[in-house]
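What follows is each chain in one-letter form.
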Amino acid sequence: MTDAYVRVRGAREHNLRAVDVAIPRDAFCVFTGVSGSGKSSLAFGTLYAEAQRRYFESVAPYARRLIHQVGAPRVEEITGLPPAVALEQRRSAPTSRSSVGTVTTLSNSLRMLFSRAGDYPADSTGRLDSDAFSPNTAAGACPECHGLGRVHRVTEDSLVPDPALSVREGAIAAWPGAWLGKNLRDIVATLGYDIDRPWRDLPQQDRDWILFTEERPVVTVHPEREAGRIQRPYKGQYQSARHYVLHTFSDSQSETQRRRVERFLVSEACPACDGRRLRPEALAVTFAGHDIAALAGMPLAALAALLRPTAEGTGEESVAGTLARDLVARIEVLTELGLGYLSMDRPAPTLSAGELQRLRLATQLRSGLFGVVYVLDEPSAGLHPADTESLLTVLARLKEAGNSLFVVEHDMDVVRRADWLVDVGPRAGEHGGRVLHSGPVDGLAAVDESLTRRFLFDGRGGTGRGGSDGPDGATGGPGGDGAREPRKPSGTVRLSGIHLHNLRGLDAEFPLGVFTAVTGVSGSGKSTLVTRVLADAVRERLGGDAAGDRPEAGAEDGGDEARPTADLTAAEGLDAIDRLVRVDQKPIGRTPRSNLATYTGLFDAVRKVFAATDEARARGYKAGRFSFNVAAGRCETCQGEGFVAVELLFLPGTYAPCTACHGARYNPDTLEITYRGRNIAEVLEMTVDAAADFLAEVPAAARSLRTLQEVGLGYLRLGQPATELSGGEAQRIKLATELQRTRRGHTLYLLDEPTTGLHPADTEVLLRQLHGLVDAGNTVVVVEHDMGVVAGADHVIDLGPGGGADGGRIVASGPPAEVAAAEGSRTSPYLARALGLA
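Keep in mind the model is a prediction, meaning the values are calculated, not measured.

What counts, and at which threshold
Residues numbered from 1 in each chain as written. Predicted model: local features only at pLDDT ≥ 70, side-chain atom pairs only at ≥ 80, totals over all residues. Heavy atoms only, no water. Helix = DSSP H or I, 4+ residues; strand = E, 2+ residues; numbered from the N terminus. Buried < 20%, exposed > 50% of the residue type's maximum accessible area, 1.4 Å probe, protein only. Contact = heavy atoms within 4.5 Å. Areas by Shrake-Rupley, 256 points an atom, 1.4 Å probe, with all protein chains shown as cover. Pairing = 2+ DSSP bridges. Axes fitted to C-alpha atoms, helices over the stretch in contact; angles between N-to-C directions. Expected span 1.5 Å × (residues − 1). Salt bridge = Lys/Arg side-chain N within 4 Å of Asp/Glu carboxyl O. Parallel < 35°, antiparallel > 145°, perpendicular 65-115°, else oblique. Left-handed = near helix turned anticlockwise from the far one by under 90°. Nonpolar A, V, L, I, M, F, W, Y, C, P; charged D, E, K, R; others polar. Phe/Tyr/Trp six-rings, centres within 6.5 Å; stacked < 30°, edge-to-face > 60°.

### Notes on the overall build of the protein
Looking only at helices and strands, the protein has 30 helices and 24 strands in total. The buried share of the protein, reckoned over its 838 residues, is 55%. Within the protein, contacts between residues separated by at least 24 positions form 69% of all contacts whose residues are at least 6 apart in sequence. A total of about 35,300 Å² of accessible surface is found on the protein, and carbon and sulfur atoms cover 49% of it.

Structure, rendered in structure tokens:
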């Protein structure tokens, strides 16, 4: 290619306004702008989508049908575009069987090493195939736990927490509530068991049968008479408490039900394989004195050290040497990216989106590709400032190998190191979509309307994203609220003797009534301490699922197995907390039917407004008529989806607007009902800002819309599908949903890296809301890497000093200025820079 630039003309994807831009190849190019400005629409929705489309044109038509494809972008022309590889921030991971080893394919090489070069027992009949060393294959999985390493069972103590109660009084806490629980109680009584005697006084034989029997007897039940109700005899089938819990946990489609019965499960290491997931014959094979489960459980940095003598001390033709060299080389890249604390058997669902992306980035480094455009989505997400330098080194190596880097990024430290900057904005949604600057980074200083400029050049840091380049870098000045006097706590929560993951006997104190930031390098134990230990302790004190605590399906450990819980010696001060609210970046829904309006409850108010119109009342339309999920009101051609799937012979399927409703989602009769001249579909197409004016006289809707504007989401459409929202947008929608509620008592808000995916200007908006919650008498605890946010906190808890086995300790705690001066903390130099103290 004689022209050294990728040239885009007339890009109109999403909110892009006929964008023309030229971006150099073989360079490190960063795309910036506030959330919703259009930067991802340009980088991923236009450039990467077009590169993928061109590649698929060279693929056989039949093969194209088997590959997931993004649609062709709305753009007039793109020239000079090489093949592209996208590394996006995926918000969810596959299953708990997916691990660091499978994501990086390191497990393949390790299994081959044991198969070909392992030390086999003397009585072994022959070498095992590599599949025999995988817990995910029938040849290798332990038959007892099916390769999961853990078994889940119930005990009398877990099913009956209070044996002083009788069955009638609810001794069997694991039984379901409402009618089904009463049904089981009546069946037990009909079978002749005493349901009014304290559980502990029943014969052991009776207790065992009620809780654990595999029998499913059917009996005729004569219910006890209740005042005012006629209850006839009926046939009822019994199931034991164990059967109910295990069946519900494994088969129920209701995440609420699964979480409820999970409390009655006891999770323990499989007795057959001792948690090592493999058959005995595979575990009998060793390398360097360890079985494969032991090596897979080592931190990657330690595994590389163990393999290095073999890699360096054997001949070129040695199988062991070849495989060990490959493993060591690939692990070194991961260690360079700050992931040396991970073990190969770490389940993928427990990894952050940033960790997953860096694992895939390391895999690309070893691929040997050149002449490729790598499109990355915030590679610094989830990175402590101490790890950002190593990330930049790795990105530089990709560029030096002859590739181009197109990076969507919010971290100003990364932006400063770019060769070329494309700033999109100035604001979000319909107020953005323009390229404000495309050129060297320094050129943005002359663009007055850029919201990025202030954080990049003015030395104000703002939220910290404009802070320092590190201990030896230039000072970014104090962050946002960093100079103000810290608030005084109203009390303290003390957790003692914590044991979970890499937290070993930890004692931690969380002050109440203040803003606390928990810091530390990746893998130091921050999320474990806050979102697992503290959250579980408070939730248990409040009784099950606390108000406002809405963890998503599959959170933490993949959703298909019981997660280990923390062991605590003592928990004090929890009585001061009345409510628990977790606000994370997981999606607000998994299908386009879930959207901004439905999640916040705003849609209920809108539908009631339409149902109250004179025409709707004359026709007998109720509020349900105005839901696109209800048959009476929706378009039956597309079932309320707004689009239809088109299957093409020999070509991949595609989506097209519904020919009946043209994307409106409703049938013609429903669309005839209007409120202030607009039908329901037109209201859903409004932005939050536009709807705030249109629905100003509807109190329930106005309150929701006002809180959405306060968290900076005025540019989103009311009907914006959940699948189109970023993690940062999803998090702010959840926060707005919580803010619109009438709050009573002392609430503890827990947020895990709330600034991930947010432009510094968006972070300022978010922080105003969070500090407002503290000013109202609540407690906010955030896990955070943004030093400007930390500088503005009242209290800091710094974990470390390293990750994995090198972490799990509180290195420093106290006001930000004290932690900034602490010795032995990898956070303190960066915090000192953000505070303007160094």
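### Comments concerning the sheet that holds strand β16 (residues 515–519)
One open sheet accounts for six strands, arranged β18-β21-β22-β16-β23-β24; its pairing is mixed. This sheet does not close on itself; its edge strands, each paired only once, are β18 (579–583) and β24 (809–814). Going from strand to strand, the sheet's axes swing by 15° on average, the running direction of each strand aside. The pairing of β18 with strand β21 (residues 747–752) spans five bridges and is parallel. The residue of β21 that forms the bridge with L580 is L748. Strands in contact with helix α26 (residues 727–739) are β18 and β21; relative to β18, the strand with the most contacts, it is inclined by about 155°.

### A short note on helix α6 (residues 178–190)
Along its 13 residues, α6 runs 19 Å from first to last C-alpha, staying within 8% of the 18 Å computed at 1.5 Å per residue. Within two residues after α6, G192 carries a phi angle of roughly 100°, on the positive side.

### Quick notes on the pattern of salt bridges
This structure, assessed with the given rule, holds 37 salt bridges. Here R826 and D387 are joined by a salt bridge, their closest N and O atoms 3.9 Å apart. Of the two residues, R826 is situated in the loop between α29 (816–820) and α30 (828–834) and D387 in helix α15 (residues 385–400); the sequence distance between them amounts to 439 residues. Since its relative accessible area comes to 38%, R826 is described here as partly exposed. Residue R541 pairs with D575 through a salt bridge whose shortest N-O separation is 2.6 Å. With a gap of 34 residues between them, R541 in helix α18 (residues 526–542) and D575 in the loop between β17 (570–572) and β18 connect regions that are remote in the sequence.

### Thoughts on the packing of helix α8 (residues 241–251) against helix α9 (residues 255–262)
One way to put it is that α8 packs onto α9 with a least axis distance of 8 Å and a crossing angle of 135°. It follows that α8 is oblique to α9 by the angle criterion. Helix-helix and strand crossings are classified by hand; for α8 and α9 the assignment is left-handed. Contacts between α8 and α9 pair Y244, V245, T248 and F249 from the former with Q257, R258, R260, V261 and E262 from the latter.

### A look at the packing of helix α4 (residues 106–117) against helix α13 (residues 319–336)
Close contact between α4 and α13 brings their axes to 10 Å; oriented N to C, the two are set at 160°. The angle between α4 and α13 places the two elements in the roughly antiparallel class. Remark: the crossing between α4 and α13 carries left-handed chirality. Every residue of α13 that contacts α4 at L106, S109, L110, M112, L113, R116 and A117 is listed here: V319, A320, L323, D326, L327, R330, I331 and L334. Looking at the contact of α4 with α13 residue by residue, the class counts come to eleven nonpolar, one polar and three charged.

### As for unusual backbone geometry
Along the chain, G425 connects to P426 via a cis peptide bond; the corresponding omega equals 5°. The omega angle of the peptide bond from G800 to P801 is 5°, so this bond is cis rather than trans. One can find P801 in the loop between β23 (795–800) and β24. The residue D26 is not glycine, and still its phi comes out positive at about 55°. Although it is not a glycine, T105 adopts a positive phi angle of roughly 65°. By the element assignment, T105 lies in the loop between α3 (100–104) and α4. You can call T105 partly exposed: its relative accessible area is 34%.

### Here's the deal with the packing of aromatic side chains
Within the structure shown, the criterion is met by twelve aromatic pairs. Geometrically, the ring pair formed by F114 and F287 is tilted, given 6.3 Å between the ring centres and 55° between the ring planes. With F114 in helix α4 and F287 in the loop between α10 (280–283) and α11 (292–296), this residue pair connects regions lying 173 residues apart in the sequence. The exposure class of F287 is buried, given its relative accessible area of 7%. Ring centres of F610 and F626 lie 5.6 Å apart, and the angle between their planes is 40°; this geometry places the pair in the tilted category. Pair noted here: F610 is in helix α20 (residues 602–611) and F626 is in the loop between α21 (614–619) and β19 (643–648), with a separation of 16 residues, a long-range link. For the residue pair F610 and F626, the accessibility class agrees, reading buried in each case. Members of the aromatic cluster, joined through ring pairs, are F610, Y621, F626, Y675 and F694.

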